[in-house]
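# A look at the structure
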Amino acid sequence: MSTNQEYSFFKGVEINFDKAAKFTRFSGGVLEQIKACNAILRVRFPVRIGHEIEVIEAYRVQHSHHKLPCKGGIRFSMEVNQDEVMALAALMTYKCAIVNVPFGGGKGGIKIDTSKYSVSDLERITRRYTSELCKKNFIGPGIDVPAPDYGTSSREMSWIVDTYATLYPNDLNAMASVTGKPISQGGVRGRVEATGLGVFFGIREACSIEEDMKKLGLTTGIQGKKIIVQGLGNVGYHAAKFCQNAGAIIVGVIEYNGAIYKESGIDVDEAQAHRKQHGALLDFPGALNLPDPATGLEQACDILIPAALESVIHKGNAAKIQAKIVAEAANGPVTAEADAILIAKGIMVIPDIYLNAGGVTVSYFEWLKNLSHVKYGRLEKRFSENRYSDIMDAVERMTDKVMSPTERKLVQKGPEEIDLVHSGLEDTMMGSYQEIREIWAGTTGVDDLRTAAFICAINKIGVAYEELGIFP
Ligand code: GLU
């Protein structure tokens, strides 16, 4: 927890929830049930590291069982604690509801510093953690489905699925026990960039509404917007890259060991290559060095994208934020106290529970692929190509004109898995933004998108509980 934070992370999520709950029709008991963490697993298990035995602390929290399986990533970090995992699991519940992904929220964490372990150490830790989840019934295609998060990637997911499949050899759906897997292990194309691409789609949607942009003193569109991104990991890198491709200018990049700022723009791939080569962003050609990364957040820009860990914008620095839009690519980057300061300053915050939902949306597509045991596009690709070809033939006959082979190839192309995944993600992010914005614009007293997003989530989860009929 940041020293500038008055509340714990979980309490902060509850504060945001309570603020929104007032605008819903649900009573105290229903709201309490939505808010509560349904199940918490805390384990300590031994792993042999070199010649020693190390006792590892780990968690898995299932925040909501209103829909199953529970869904959410597994984080490897020294900051992992029960409160953090509870807060992240709760955010997953609201996130899934907002993007209409039929899961309850979950999250896991292992308290380790990954840089201190070899790959085989990490593999033993991950496999043992998975066995603990199996023992306690905290993993399974219909129970609880982990995914990558901070400090983990498709590599860890492949260890998890292999361990699960070994322990449950008769489970036909074992592949669906975890998402974010490598393609060869049942992963789906487009999952790696999904969260960052979703962040881009969300920002693009927000920036397309003239009325909202006018209030911020901005023009519509991503083109020419000055962006600072904090964190060049998977989410931050892809978010920045897609924004840059759409014509935004990346003026600042922040990493834990130094930030850089360059008014005329920083090429994202060049910054990433520089960081990999030199171990830090500092001394990037032509850019201003900001050795204290915290000051990077306070530089001039249109859009600030915090894409690393929670609580980076707190009551100690919120007043100094110059961005007109804070786009929460990370989970919980703005504390509840900071949120109030940003709202008072007229800054638009695009909330995490909407904006970073692209990851879990594509995880949903992966889970469906695993359950159906067939790759997206397999059934319709050739059929579509033949149909488009027939249409082109007819058009050519009727017009007495012939398309160039390149044009024809483009028009005739049937959908591949990656096309379908990207299009499903784009549609989800666009539709959900409009849903939230409608609540924001149409509810008296709701002055921010986060409250609108929580109202949207609470309404959906409340109705799901009512339909379950669990309240006698
Ligand atoms: N860890 C990601 C998140 O925080 C993805 C979760 C998932 O795909 O289940 O949203």
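Residues numbered from 1 in each chain as written. Predicted model: local features only at pLDDT ≥ 70, side-chain atom pairs only at ≥ 80, totals over all residues. Heavy atoms only, no water.

### As for the sheet that holds strand S10 (residues 288-290)
The strands that make up a sheet pair up through hydrogen bonds in the backbone, lying either parallel or antiparallel. Convention followed: Two strands qualify as a pair provided DSSP detects at least 2 bridges between them. Strands here are runs of E lasting at least two residues and helices are runs of H or I lasting at least four, both read from the DSSP assignment and numbered beginning at the N terminus. Simply put, an axis is a line fit to the C-alpha atoms, just over the touching stretch for a helix, and the angle between two N-to-C directions goes from 0 to 180 degrees.
Taken together, seven strands build an open sheet; the order of strands is S10-S9-S8-S7-S11-S12-S13 and the sheet is mixed. Two strands close off the open sheet at either side, each with one partner strand: S10 and strand S13 (348-350). Here the strands of the sheet are splayed against their neighbours by 20° on average, with no regard to which way each runs. Sheet topology note: the strand S11 (residues 303-306)/strand S12 (residues 325-327) ladder contains two bridges and is parallel. Each residue of the ladder has a partner; that of Ile303, found in S12, is Ile325.

### Some details on the packing of helix H6 (residues 194-207) against helix H12 (residues 358-372)
Heads up, the rule is: Between 65 and 115 degrees an angle is taken as roughly perpendicular, under 35 as roughly parallel, over 145 as roughly antiparallel, and anywhere else as oblique. Helix crossings fall into two classes, left-handed where the near helix is turned counterclockwise from the far one by less than a right angle and right-handed where it is turned clockwise. Residues count as neighbours in contact if any of their non-hydrogen atoms are within 4.5 Å of one another. Polar here means any residue outside two lists: the nonpolar Ala, Val, Leu, Ile, Met, Phe, Trp, Tyr, Cys and Pro, and the charged Asp, Glu, Lys and Arg; Gly therefore counts as polar.
Look at H6 against H12: their axes get within 7 Å of each other, and the N-to-C directions meet at 125°. On the basis of their axis angle, the class for H6 and H12 is oblique. Note that H6 runs across H12; the crossing there is right-handed. From H6, Ala194, Thr195 and Gly198 reach across to H12, where they touch Gly358, Gly359 and Val362. Of the residues assigned to the contact of H6 with H12, the class counts are two nonpolar, four polar and no charged.

### A few points about the nonpolar core
A general feature of soluble globular proteins is that nonpolar side chains tend to end up buried together. Test applied: To define a nonpolar core, start from buried Ala, Val, Leu, Ile, Met, Phe, Trp, Tyr and Cys residues and group those joined through side-chain atoms within 4.5 Å. Burial here depends on accessible area, computed with a 1.4 Å probe over protein chains only, as a share of the maximum for the residue type. Under 20% is buried, over 50% is exposed, and the range in between is partly exposed.
Among the nonpolar cores identified, the biggest contains 97 residues, and Tyr94, Ile98, Ile203, Ile305, Ile325, Met348 and Ile350 are the most heavily contacted of them. Top element by residues in this core is helix H3 (residues 82-98). It accounts for twelve residues. With sequence-adjacent residues up to four places away left out, Ile305 is seen in contact with Val199, Ile203, Ile227, Ile228, Val229, Gln230, Cys243, Ala327 and Ala329. The next biggest cluster of nonpolar side chains, apart from the first, holds 27 residues, and it includes Ile110, Trp159, Tyr164 and Ala174.

### Quick look at the packing of aromatic side chains
The condition is simple: Stacked, edge-to-face and tilted are the three classes for Phe, Tyr and Trp ring pairs, Trp counted by its six-membered ring, which pair at centre distances within 6.5 Å; planes under 30 degrees apart are stacked, over 60 edge-to-face, the rest tilted.
One pass over the structure, following the stated rule, counts ten aromatic pairs. Judged by centre distance (5.0 Å) and plane angle (85°), the ring pair of Phe103 and Trp367 falls under edge-to-face. Of this pair, Phe103 sits in the loop between H3 and strand S5 (104-110) while Trp367 sits in helix H12, placing them 264 residues apart in sequence. This pair shows no difference in class: Phe103 is buried, exactly as Trp367 is. Through successive ring pairs, a cluster of aromatic residues spans Phe103, Tyr364, Phe365 and Trp367.

### Here we look at empty space enclosed by the protein
Take a probe with the size of a water molecule and roll it over the atoms, and the empty space left behind shows itself. Put simply, the rule reads: Throughout, the protein atoms alone are placed on a 1 Å grid, and a set of points is a cavity if a 1.4 Å probe fits but cannot get out or a pocket if it is open with protein on both sides within 12 Å along at least five of seven lines; lining residues have an atom within 4 Å of a point. Grid points are joined across faces, edges and corners, and a volume is the space filled by probe spheres set on the points.
Scanning the model with the defined rule gives one cavity of 30 Å³ or more in all. For the largest cavity, the calculated volume is near 130 Å³. What lines the largest cavity is a set of 17 residues, and nearest its centre among them are Phe9, Gly12, Asn16, Val334 and Thr335. Listed by contribution, the elements that provide at least two residues to the lining of the largest cavity are helix H1 (9-21), helix H10 (336-344) and helix H16 (449-468). Top element by residues in the lining of the largest cavity is H1. It accounts for four residues. In the lining of the largest cavity, the residues fall into seven nonpolar, seven polar and three charged.

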